[in-house]
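# Summary of the model geometry
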Number of protein chains: 2
Amino acid sequence: MTVAPKVSYQDVKTVVLKRIRDSTWAPGSIMPGEIDLAKEFGCARATVNRAMRELAEEGFIDRKRKAGTRIKSSPTRQAKFVIPLIRDEIEKSSATYRYALINRELRDAPDWLRARMGLSQDISALQLQCMHYAGSKSFQYEDRWINLAAVPQAADQEFKIIGPNEWLIKEVPFSDAEITFSTINADAKISKLLEVSVGTALVTLERITWLNGVPITYTKLYFHAGYQMTSRL
Amino acid sequence: MTVAPKVSYQDVKTVVLKRIRDSTWAPGSIMPGEIDLAKEFGCARATVNRAMRELAEEGFIDRKRKAGTRIKSSPTRQAKFVIPLIRDEIEKSSATYRYALINRELRDAPDWLRARMGLSQDISALQLQCMHYAGSKSFQYEDRWINLAAVPQAADQEFKIIGPNEWLIKEVPFSDAEITFSTINADAKISKLLEVSVGTALVTLERITWLNGVPITYTKLYFHAGYQMTSRL
DNA sequence: CAGTGGTCTAGACCACGTG
DNA sequence: ACGTGGTCTAGACCACTGT
């Protein structure tokens, strides 16, 4: 007599994934319920449940109470990109991180910003324009706006030494964020700051963060030429 | 007597996250073990375990057997980008998807490709250059290379009707992938295909996929001007 | 209303990795 | 060696939602 080793949720995932790929269970169709699968695999329902939960997170299946579990007709491809603190990113490459404040201004949020952040009323904001350097090289230009209605204590900060991102991380929690990754041609101002020719294609990243529905801050980051983000799955 | 409602893993997550944010548990330090937390919260260890596992996935803590759980000094920011099938993406915007093969060529993998895919020996590859249209507008240019040593049956495909991506998804599973997001200035060829001026900043996405260590395919996608990717957290 | 996934429990054993 | 997280179990109750 050999004792069957326990069935792990990984095993279940593997087998189910195989069946999805070879169309044992066709795209769009319903697959067996957790209880049936548990019986088939000879394991507890909790084990099946974990396997299925992860497959759902990874975008292969859709699960609904009562309706059951369906194979997605086109599995959702997704890539997780790690967004390190800029200081860490630069120091990891054994360069020296340096921060510089270019401009600091208190002003009413312009229309485009109010639209972007979902602000209906007039709001005073703190605008900060900053540079981040890796050694002697320009690494990133940051255009930062902080909603003073939500973060009034930012008005007392000079941001001459500490960048707004590092300050906000320590000072203000957030509950939601939206990140948009795009690209632009460098204009005159940006090209000078980032030391590239006018027109150079640059990666830009915009981030808006909220705390329980209240917009906290908007930032647009312009990366040096050649910047790229990589993700492994 | 009121009956205490059960403590959910969400509750545990919320409380633990709060303690991380307000530095009840300092960055870099070790926090209590699962058994202690379960006692404190009055729930089962499995409940605490799930909460902690998710917090680890989300980049707030590091867990090691025996060593315990540590608060990360700088939490890992990460963004999940959904990468839809191009057909779905276009049809979702209620435009008509159209695919066109521009060029199909059998050739030895060039040096840069061998380096990129980690191929040591000479390999014959199938190169496909394709366009994807949304209605009458150019949407994406695709430069695709398929490793014929790994996917010999691709040599029999014409790819006149079905694009290589859709074909590969159905035909070849993969185990690992690497995605790189970057940007370039459109050169003469690309600008013509995508109907933009030379020099326009374009988003590019490279993907390499492997099946159990064997490189399957490399592709570089050039998106139309103004393309952006958004992620909500 | 009834069926399915979502979650919790109490207990157990395992595996990794630090000391 | 031993402590901590990793996982599995068997059973239970709950909550959503399609019919």
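Residues numbered from 1 in each chain as written. Chains lettered and ligands numbered in written order. Predicted model: local features only at pLDDT ≥ 70, side-chain atom pairs only at ≥ 80, totals over all residues. Heavy atoms only, no water.

### What to know about the protein's contact with DNA strand D
Of all residues adjacent to DNA strand D, which total 23 residues, the nearest are S8(A), Y9(A), T47(A), R45(B) and R63(B). What you see for DNA strand D is that sugar and phosphate hold 68% of its atoms within 4 Å of the protein. Within the contact set of DNA strand D, a phosphate oxygen lies 2.7 Å away from a side-chain nitrogen or oxygen of R63(B). Looking at the surface near DNA strand D, the elements that each hand over two or more residues are α3 (45-57) of chain A together with α3 (45-57), β2 (61-64) and β3 (68-71) of chain B. The biggest single contributor to the surface near DNA strand D is α3(A), with four residues. (Near = heavy atom within 4 Å. Polar contact = N/O pair within 3.5 Å; in protein donor to acceptor, adjacent residues only side chain to side chain. Helix = DSSP H or I, 4+ residues; strand = E, 2+ residues; numbered from the N terminus.)

### Structural notes on the protein's contact with DNA strand C
In the neighbourhood of DNA strand C, 23 residues make up the surrounding shell, with R45(A), R63(A), K66(A), S8(B) and T47(B) lying closest. The sugar-phosphate portion of DNA strand C accounts for 68% of its atoms within 4 Å of the protein, the bases making up the rest. The separation between a phosphate oxygen of DNA strand C and a polar side-chain atom of T69(A) is 3.3 Å. In the model, a phosphate oxygen of DNA strand C is placed 3.4 Å from a nitrogen or oxygen of the S8(B) main chain.

### Some thoughts on the pairing of strand β8 (residues 176-185) of chain A
Both β8(A) and strand β9 (residues 201-211) of chain A contribute to a ladder of 10 bridges, which runs antiparallel. Across the sheet, the residue bridging to S182(A) is T204(A), located in β9(A). For β8(A) and strand β11 (residues 229-232) of chain B, the ladder comprises four bridges, and the chain directions are antiparallel. By the bridge assignment, I179(A) is partnered in β11(B) with S231(B). (Pairing = 2+ DSSP bridges.)

### Considerations on the packing of aromatic side chains
Residues and elements named next belong to chain A. Counted under the stated rule, the structure contains 16 aromatic pairs over all chains. For the ring pair F139 and F223, a centre distance of 6.5 Å and an interplane angle of 75 degrees mean the geometry is edge-to-face. Of the two residues, F139 is situated in strand β7 (residues 137-147) and F223 in strand β10 (residues 214-223); the sequence distance between them amounts to 84 residues. Like F223, F139 is buried. (Phe/Tyr/Trp six-rings, centres within 6.5 Å; stacked < 30°, edge-to-face > 60°. Buried < 20%, exposed > 50% of the residue type's maximum accessible area, 1.4 Å probe, protein only.)

### Details of the relation of the copies chain B and chain A
Relating the two copies of this chain is a rotation about some axis coupled with a shift parallel to it. For the pair chain B and chain A, the best superposition has an RMSD of 0.1 Å and corresponds to a rotation of 180 degrees with a translation of 0.0 Å parallel to the axis. The relationship between the two copies is best expressed as a two-fold rotation axis. The fraction of interface residues of chain B whose copies in chain A are also interface residues reaches 100%, indicating that both copies meet through the same surface. (Least-squares fit on C-alpha atoms with pLDDT ≥ 70 in both. Contact = heavy atoms within 4.5 Å.)

### Observations regarding the domain arrangement of chain A
Taken domain by domain, chain A comprises domain 1 (9-71) and domain 2 (86-223). Each of domain 1 of chain A and domain 2 of chain A has a C-alpha centre, and the two are 43 Å apart. (Domains from an automatic or database assignment.)

### Let's talk about the interface of chain B and chain A
Contacts between the two partners involve 41 residues from chain B and, on the opposite side, 42 residues from chain A. Together, the buried faces of chain B and chain A total about 3800 Å²; carbon and sulfur atoms form 53% of this surface. When the buried area of chain B at its contact with chain A is split by residue, R77(B), F81(B) and F181(B) rank highest and sum to 17% of it. Across the contact surface, chain B and chain A share two salt bridges. Among the ionic pairs, E178(A) bridges to R232(B), the shortest N-O distance being 3.5 Å. Taken together, the connections running from chain B to chain A amount to 23 residue pairs in polar contact (both at pLDDT 80 or more). Taken together, the elements giving at least two residues each to the side of chain B that touches chain A come down to α3, β4 (77-83), β8 (176-185), β9 (201-211) and β11 of chain B. With 10 residues, the single largest contributor to the side of chain B that touches chain A is β8(B). (Buried area = accessible area lost by both parts, 1.4 Å probe. Salt bridge = Lys/Arg side-chain N within 4 Å of Asp/Glu carboxyl O.)

### Remarks on helix α1 (residues 9-21) of chain A
Residues and elements named next belong to chain A. The end-to-end C-alpha distance of α1, which contains 13 residues, comes to 18 Å, matching closely the 18 Å that a straight helix rising 1.5 Å per residue would cover. Listed in full, the buried residues belonging to α1 are V12, K13, V16, L17, R19 and I20. In a view along the axis of α1, the buried residues occupy a sector of 160 degrees, so they form one face of it. Exposed side chains of α1 directed beyond 90 degrees from the buried face belong to T14 and K18. Here the buried face of α1 lies against β1 (30-31), α2 (34-41), α3, β2 (61-64) and β3 (68-71). Among the residues of α1, the N-terminal cap falls to S8, whose side-chain oxygen and the backbone nitrogen of Q10 are separated by 3.1 Å. (Expected span 1.5 Å × (residues − 1). Arc of directions from axis to C-beta.)

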